[in-house]
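# An overview of the molecular structure
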Amino acid sequence: MPTSRSYRDSCGIARALDVVGERWALLIVRELLLTPRRFSELRHALPHVSSNVLADRLRELEKNGVIRQGPAETEGSTAYRLTDWGRKLEPIVRGLGEWGVDAPQPPEPAALSASSVLIFMEDAARPDPAAPPTVCRLDLGGRVWTVRLAEGRLRVRAGEATTADASLRADPKTLSALLNDPSALESACADGSVAVVGDLSAIRRLLRAVNRDDRPAAP
């Protein structure tokens, strides 16, 4: 059942935690930062949460005005998306991600969603601002994303690109490993854990834009 627990504290921090402090709440917000999600997609992205707990968290977040339901891309289904107020959590969630890279790794089997890796890429990448734009199509866990490097920034959006320099298919953990070691791209292609179509150098530029000496390791 949805929780009604409260810190009974008037501080803004405590009131914020009354809304999003329950377990899984902020991870649901994380999964909605880049695109709306259906219930089944959230279950796939958060494999260690039960269906009942996920449903409770979604009801709480919707009741508190953080998320709302609306039509999904698939006809006849609904998806959850952030409200304008919920969207204000984005810099907070991204800041937690930056802070959390110094925390210990969880025990295996540990989940890693596509959203986690893509958000990390957006925050960590520093592409050459003088380089021509590069567009890459990423197929991560069966969902397609478009990644564009241009003007010194990396931006991610859900869906197919009109045109792309290259396409990469991998699971999120494999992509994360490549962000930490771009030199492993060729061997990953050879063993089949990664499939690349198009300009391989475009994928190398993407990986190297994130793999910098001054940034923390990918999750």
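Given the structure is predicted, the values throughout are model-derived calculations rather than measurements. Numbers given to residues run from 1 along each chain, matching the order in which its sequence is written. Under the rules for a predicted model, residues below a pLDDT of 70 receive no local features and side-chain atom pairs below 80 are neither given nor counted, while totals for whole chains, interfaces and linings still include all residues. Water and hydrogen atoms were dropped before computing side-chain values, which therefore reflect all heavy atoms in the structure.

Any Lys or Arg side-chain nitrogen located within 4 Å of an Asp or Glu carboxyl oxygen qualifies as a salt bridge. Taken as a whole, this structure holds 14 salt bridges when the rule is applied. A salt bridge links Arg38 to Glu41, with the shortest nitrogen-to-oxygen separation between them at 3.5 Å. When accessible area is computed with a 1.4 Å probe and restricted to protein chains, residues below 20% of their type maximum are described as buried, those above 50% as exposed, and intermediate ones as partly exposed. A residue is classified by how much of its surface remains accessible, and Glu41, at 18% relative accessible area, is buried. Glu160 is the salt-bridge partner of Arg137, the closest N and O atoms lying 2.8 Å from each other. You can see Arg137 sitting in strand β3 (residues 134-140) and its partner Glu160 sitting in the loop between β5 (153-158) and β6 (166-170), a full 23 residues away along the chain. You can call Arg137 partly exposed: its relative accessible area is 21%. Overall, Glu160 belongs to the partly exposed group, its relative accessible area being 47%. Think of it this way: any DSSP run of H or I at least four residues long counts as a helix, any run of E at least two long counts as a strand, and we number them from the N terminus.

Moving on to the side chain of Glu22. Note that Glu22 resides in the loop between α1 (12-20) and α2 (25-32). Given the relative accessible area of 18%, Glu22 is considered buried. Whenever two N or O atoms come within 3.5 Å, that pair is a polar contact, provided that in protein one can donate a hydrogen and the other can accept it, and provided that, for residues adjacent in sequence, both atoms are side-chain atoms. Side chain to side chain, Glu22 and Arg5 meet in a polar contact 2.8 Å long.

Orientation is described by lines fitted to C-alpha atoms, with helices fitted over the stretch in contact, and by angles between N-to-C directions that extend from 0 to 180 degrees. The N-to-C vectors of helix α7 (residues 114-124) and helix α8 (residues 172-180) enclose an angle of 25°; their axes lie 9 Å apart at closest approach. One element, α7, and the other, α8, form an angle in the roughly parallel class. Helix-helix and strand crossings are classified by hand; for α7 and α8 the assignment is left-handed. Contacts between α7 and α8 involve Ala114, Val117, Phe120 and Met121 from the first element and Pro172, Leu175, Ser176 and Leu179 from the second. Note on terminology: angles under 35 degrees are roughly parallel, angles over 145 are roughly antiparallel, angles of 65 to 115 are roughly perpendicular, and the others are oblique. Each crossing is labelled by how the near helix is turned from the far one, with a counterclockwise turn of less than a right angle marking it left-handed and a clockwise turn marking it right-handed. Here, two residues are considered to be in contact whenever any of their heavy atoms come within 4.5 Å of each other.

Another aspect to go through is the nonpolar core. Joining through side-chain atoms within 4.5 Å is the link that ties buried Ala, Val, Leu, Ile, Met, Phe, Trp, Tyr and Cys residues into a set, and such a set is a nonpolar core. Counting 54 residues, the largest nonpolar core has Val66, Leu118, Met121, Leu138, Leu154 and Leu179 as the members making the most contacts within it. Per-element accounting of this core gives the leading share, seven residues, to α7. The residue makeup of this core includes at least three contributed by each of domain 1 (12-99) and domain 2 (114-209). Sequence-distant contacts of Met121, defined by excluding residues within four places in its chain, comprise Leu138, Leu154, Leu175, Leu179, Leu206 and Val210. Just so you know, the domain bounds were taken from an automatic or database domain assignment.

Looking at the assigned domains, one finds that the protein contains domain 1 (12-99) and domain 2 (114-209). For domain 1 versus domain 2, the separation of C-alpha centres amounts to 25 Å. Where domain 1 abuts domain 2, roughly 900 Å² becomes buried across the two surfaces, and 46% of that area is made up of carbon and sulfur atoms. Where domain 1 touches domain 2, the interface holds three salt bridges. Along the contact surface separating domain 1 from domain 2 lie seven residue pairs in polar contact (both at pLDDT 80 or more). At the level of secondary structure, the elements contributing two or more residues to the side of domain 1 that touches domain 2 comprise α2 and α3 (39-45). For the side of domain 1 that touches domain 2, the per-class residue count stands at three nonpolar, two polar and five charged. What gets called buried area is simply the loss in accessible area from a 1.4 Å probe that two parts show on being joined, summed for both. For this classification, the nonpolar set comprises Ala, Val, Leu, Ile, Met, Phe, Trp, Tyr, Cys and Pro, the charged set comprises Asp, Glu, Lys and Arg, and every other residue, Gly included, is treated as polar.

By this rule the span expected of a helix is its residue count minus one, scaled by 1.5 Å. Here helix α4 (residues 51-63) contains 13 residues, and its C-alpha end-to-end distance of 18 Å stays within 8% of the 18 Å for a straight helix at 1.5 Å per residue. Buried within α4 we find Leu54, Ala55, Asp56, Arg57, Leu58, Glu60 and Leu61. The inward-facing, buried residues of α4 abut α1, α2, α3, β1 (67-71) and β2 (78-82). Count one or two residues on from α4 and you reach Gly65, which has phi positive near 85°.

Direction of pairing for strand β4 (residues 143-150) relative to β5: antiparallel, over a ladder of six bridges. Bridge assignment links Leu149 to a residue of β5, and that residue is Leu154. Here β4 hands over to β5 after two residues, with Glu151 in that stretch at a positive phi of 55°. Strand pairing follows a simple DSSP-based rule, namely that at least 2 bridges must link the two strands.

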